[in-house]
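Breakdown of the fold
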Amino acid sequence: MTQAPPGTPVEILGWRELPLAGDIILEVESEKKAHSVLRWREHEAKHHKAEEAIDEIRKKEEEHLTKYRAERDARRLAGKFRMRYGPREKEIVDHDDVPRVSIIVKGDVHGSVEALLDVFDTYTSNERCQLDVVHYGVGNVTEGDIELAKTFNAIIYGFSVPAPTNAPKSVAIRCYDVIYRLIDDLKKELSSKLPPVEVEEVVGEANVLQQFFINEGRKEVPVAGCRCVKGLLKKAHKFRLLRNDEVLYEGHLESMRHLKNEVDSIKKDVECGLRFKDPKILPQPGDTIICYTTRLEEQETDWDPGF
């Protein structure tokens, strides 16, 4: 095509720099004129940016000066106007205890990258696991992207771009053509960084019918006469003593007996005698004893990108 009237979609090849969606394209009579316009626009953009930077610097200086004067006056009033020695406190606190996933995003077109960044903006669980977008751009994965990934220990996500064939194995490069598959992979990565949580599983429950004492050497120790009403009681598990929904004891048993015989488990509707490790705990009729076990369970991120 030699020309395109308004409203005609065209594809233009040969750009030295890829324009972004929404950029305005002007046609001039020669390349020399184009360079002249480009230099003038770059100069105007730098000048405008410099003016904005100066205004921002002045604003920051004024805020700092106001804060300094207020702190100085407060120290004078408190009689603490003196020089402080030692290392200066950090202004930015590092959250080293929070896991982190760093990523680099490369896409085939600017619109794809913007769509991914919009999805990343919906992530709001940085207090559990931080999501850092180290770098993003349009085009194939480059050597610079790989070196950046090494520096930040980042994962490179490519959308509709080919994976480089000579990439080192130490850098994770994952390319997708469907956006939700890329997000699913990222959600798995975020979930893998979360520490496992302890989950409690109730095994059995017993009611205390009476309290009695037995002689152990020269000491009398309390024993809870119980009946298992739910599930199964196992001596190796943990036990919790409840009275009016208040926890009085949590821990292991010293002894579990049935008909004066030491046993390892008690089935439902069977009576038994339970003695806790702590002899100071005095069970009473009407108390409830819970037999439970704990296990570590992997967490999953609560991020919901909306699809």
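Computed from a prediction, not measured in an experiment: that's the story for all the values here.

**A word on a nonpolar patch on the surface**
- There is a patch of nonpolar side chains on the surface, built from Met1, Val10, Ile12, Trp15, Leu18, Ile25 and Val138 and spanning about 730 Å² of accessible area.
- Position of Met1 relative to the elements: it lies in the segment before α1 (31-78).

**Here we look at helix α3 (residues 143-152)**
- Of all the positions in α3, only Asp145, Ile146 and Ala149 are classed as buried. In an axial view of α3, the angular spread of the buried residues amounts to 100°, which keeps them on one side of the axis.
- Where α3 is buried, its residues contact β1 (100-107), β2 (130-138), β3 (155-159) and β4 (173-176).
- Of the residues trailing α3, Asn153 is marked for its positive phi of about 50°.

**Notes on the domain arrangement of the chain**
- Partitioning the chain into structural domains gives domain 1 (28-84), domain 2 (100-193) and domain 3 (198-296).
- Put simply, the middle of domain 1 and the middle of domain 3, counted by C-alpha atoms, are 70 Å apart.

**Description of the sheet that holds β2**
- Spatially, four strands are ordered β2-β1-β3-β4 in an open sheet, and the strand pairing comes out parallel. Two strands close off the open sheet at either side, each with one partner strand: β2 and β4. If you compare each strand with its neighbour and ignore which way they point, the axes differ by 20° on average.
- With respect to the sheet, helix α2 (residues 110-120) is in contact with β1, β2 and β3, its orientation differing from that of β2 by roughly 170°.

**Describing the confidence of the model for the chain**
- Confidence in the prediction of the chain, expressed as mean pLDDT, is 87, and 93% of residues score 70 or more.
- Low pLDDT (under 50) marks residues 80-94, which in the prediction has four contacts with non-local residues, meaning those over four places away or in another chain.

**Focus on the packing of α2 against helix α4 (residues 179-193)**
- At a minimum axis separation of 12 Å, α2 and α4 run at an interaxial angle of 40°. As the angle between them shows, α2 and α4 are arranged oblique. With respect to the hand of their crossing, α2 and α4 are arranged in right-handed fashion. On α4, the residues touching Leu116, Val119 and Phe120 of α2 are Ile179, Leu182, Ile183 and Leu186.

What counts, and where the lines are drawn
Residues numbered from 1 in each chain as written. Predicted model: local features only at pLDDT ≥ 70, side-chain atom pairs only at ≥ 80, totals over all residues. Heavy atoms only, no water. Patch = residues over 30% accessible without salt bridge, like charges linked within 9 Å, V, L, I, M, F, W, Y side chains within 5 Å. Areas by Shrake-Rupley, 256 points an atom, 1.4 Å probe, with all protein chains shown as cover. Salt bridge = Lys/Arg side-chain N within 4 Å of Asp/Glu carboxyl O. Helix = DSSP H or I, 4+ residues; strand = E, 2+ residues; numbered from the N terminus. Buried < 20%, exposed > 50% of the residue type's maximum accessible area, 1.4 Å probe, protein only. Arc of directions from axis to C-beta. Contact = heavy atoms within 4.5 Å. Domains from an automatic or database assignment. Pairing = 2+ DSSP bridges. Axes fitted to C-alpha atoms, helices over the stretch in contact; angles between N-to-C directions. pLDDT = per-residue confidence, 0-100. Parallel < 35°, antiparallel > 145°, perpendicular 65-115°, else oblique. Left-handed = near helix turned anticlockwise from the far one by under 90°.

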